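Coordinate inspection notes
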Amino acid sequence: MSLHIDVVGKGPDLVLLHGWSLHNGIWQDLLPLLQDDFCCHLVDLPGHGLSEFANRETLPEWAAEVRAVVPQQADWIGWSLGGLVALQALAEDAQSMRRLVLLASSPCFVKRPDWPSAVEFSVFENFANELQQDFDKVLLRFLALQVMGSQAARASLKQLRDALLLKPAPQVAALLAGLHFLREADFRQLAVARQDSIYWLSGSRDTLVPQAAANLLPEERVQIIEAAGHAPFVSHAEICAKALRQWLL
């Protein structure tokens, strides 16, 4: 299986991975701010957008599929679930990327006894249980959760909904696999070990990735965008683009 990918712009290679239930069209506001400085490789993850799922049920399989369609030694941006795919790629092959920006993403999304900076396990478990009962309702609820708390919540939610409709609906099997990754993955040790090549960009009002999670990285590699939620590249695209250029150029 070969994933769908769009390549736009000129300059150093930059891989962009979207989050759960969406596709590479989600970068439509950020892309114009990057394409003059970067050659952007916009990937549709397995079972999302125009990419087939083909029974790719493990995180290593997803990471391998992405690595197969993007340049070696590119910089990567992983938003939310996309950050976990990128961390898996980094864990498997240190040469697969130069630097990684975790964009509203965490190496561990679920609370653990030694990790309070996360959400309850039940959040993703409930989405998985309800997904096959009311597909559309679950997707809309998840989009609403991503903008909750943002100063521009209403406008951001409309942008996310509009983007979702640009391509075919994600496949249920892919969504269930993604929820499993969000519940189970834990790359905290990797993030600390590779902190010299990882950056953290997120919103101060993100309800899925608490600010305290950024404490894994040195302060100079972290930027928190005030009044932004889980999709800061939608609500605060220019601030995100500025941070990315400062770090990666």
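Residues numbered from 1 in each chain as written. Predicted model: local features only at pLDDT ≥ 70, side-chain atom pairs only at ≥ 80, totals over all residues. Heavy atoms only, no water.

Observations concerning the overall build of the protein chain
A tally of helices and strands in the protein chain yields 10 helices and seven strands. For 249 residues, the compact-globule formula gives about 18 Å, and the C-alpha radius of gyration of the protein chain, at 16 Å, lands near that figure. Dimensions of the protein chain, computed from C-alpha atoms along their principal axes, come out at roughly 45 × 40 × 35 Å. Counting the 249 residues in the protein chain, one finds 57% classified as buried. Here the protein chain displays about 10000 Å² of accessible surface, and carbon together with sulfur accounts for 49% of that area. Here the protein chain carries 20 positive and 28 negative side-chain charges, and the mean point of each set is 4 Å from the other. (Helix = DSSP H or I, 4+ residues; strand = E, 2+ residues; numbered from the N terminus. Rg over C-alpha atoms; globule rule 2.2 N^0.38 Å. Buried < 20%, exposed > 50% of the residue type's maximum accessible area, 1.4 Å probe, protein only. Areas by Shrake-Rupley, 256 points an atom, 1.4 Å probe, with all protein chains shown as cover. Lys, Arg positive; Asp, Glu negative; His and termini not counted. Charge placed at Lys NZ, Arg CZ, Asp CG, Glu CD.)

Examining the packing of helix H2 (residues 59-69) against helix H3 (residues 81-92)
Packing of H2 against H3 leaves a shortest axis separation of 8 Å and a crossing angle of 80°. Between H2 and H3, the interaxial angle falls into the category roughly perpendicular. Contacts between H2 and H3 involve Leu59, Pro60, Trp62, Ala63, Val66 and Arg67 on the former and, on the latter, Leu81, Leu84, Val85, Gln88, Ala89 and Glu92. Broken down by class, the residue content of the contact of H2 with H3 amounts to nine nonpolar, one polar and two charged. (Axes fitted to C-alpha atoms, helices over the stretch in contact; angles between N-to-C directions. Parallel < 35°, antiparallel > 145°, perpendicular 65-115°, else oblique. Contact = heavy atoms within 4.5 Å. Nonpolar A, V, L, I, M, F, W, Y, C, P; charged D, E, K, R; others polar.)

Quick look at the environment of His4
Mapping His4 onto the fold places it in the segment before strand E1 (5-9). With relative accessibility at 23%, the residue His4 sits in the partly exposed group. Each C-alpha atom, one on His4 and one on Val66, is 9.6 Å from the other, the two residues being 62 residues apart in sequence. Ignoring anything within four residues of it in the chain, the contact list for His4 reads Asn24, Leu42, Val43, Asp44, Leu50, Ser51 and Lys167.

What about the sheet that holds strand E6 (residues 198-203)?
By way of backbone hydrogen bonds, the strands of a sheet pair with one another, either parallel or antiparallel. One open sheet holds the seven strands; their spatial order is E1-E3-E2-E4-E5-E6-E7, and the pairing between them is mixed. Across the chains shown, the open sheet's two edge strands, defined by having one partner strand only, are E1 and strand E7 (222-225). Neighbour to neighbour, the strand axes of the sheet diverge by 20° on average, direction disregarded. In terms of strand pairing, strand E5 (residues 97-103) meets E6 through four bridges, oriented parallel. Of the residues in E6, the one forming a bridge with Leu102 is Trp200. (Pairing = 2+ DSSP bridges.)

Some details on helix H7 (residues 172-184)
With 13 residues, H7 extends 18 Å between its outermost C-alpha atoms, agreeing within 8% with the 18 Å of an ideal straight helix rising 1.5 Å per residue. The secondary structure elements touched by the buried residues of H7 are H2, H3, helix H4 (121-131) and helix H5 (135-147). (Expected span 1.5 Å × (residues − 1).)

What about the pairing of strand E3 (residues 39-43)?
Among the five residues that make up E3, five are buried, leaving the element largely enclosed by the rest of the structure. What you see with E3 is no split at all: Cys39, His41 and Val43 on one side and Cys40 and Leu42 on the other are buried throughout. Relative to E3, strand E2 (residues 13-17) runs parallel, the two sharing five bridges. From the neighbouring strand, Leu17 faces E3, where its bridge partner is Val43.

Concerning the pattern of salt bridges
For the structure shown, the criterion picks out 13 salt bridges. Across the pair Glu125 and Arg183 runs a salt bridge whose closest N-O atoms are separated by 3.3 Å. In this pair, Glu125 sits in helix H4 while Arg183 sits in helix H7, placing the two residues 58 residues apart along the sequence. Under the relative-accessibility criterion, Arg183 is labelled buried at 13%. One network of salt bridges, with partners in common, ties together Arg112, Asp114, Asp186 and Arg188. (Salt bridge = Lys/Arg side-chain N within 4 Å of Asp/Glu carboxyl O.)

Remember, this is a structural readout, not a statement about activity or role.
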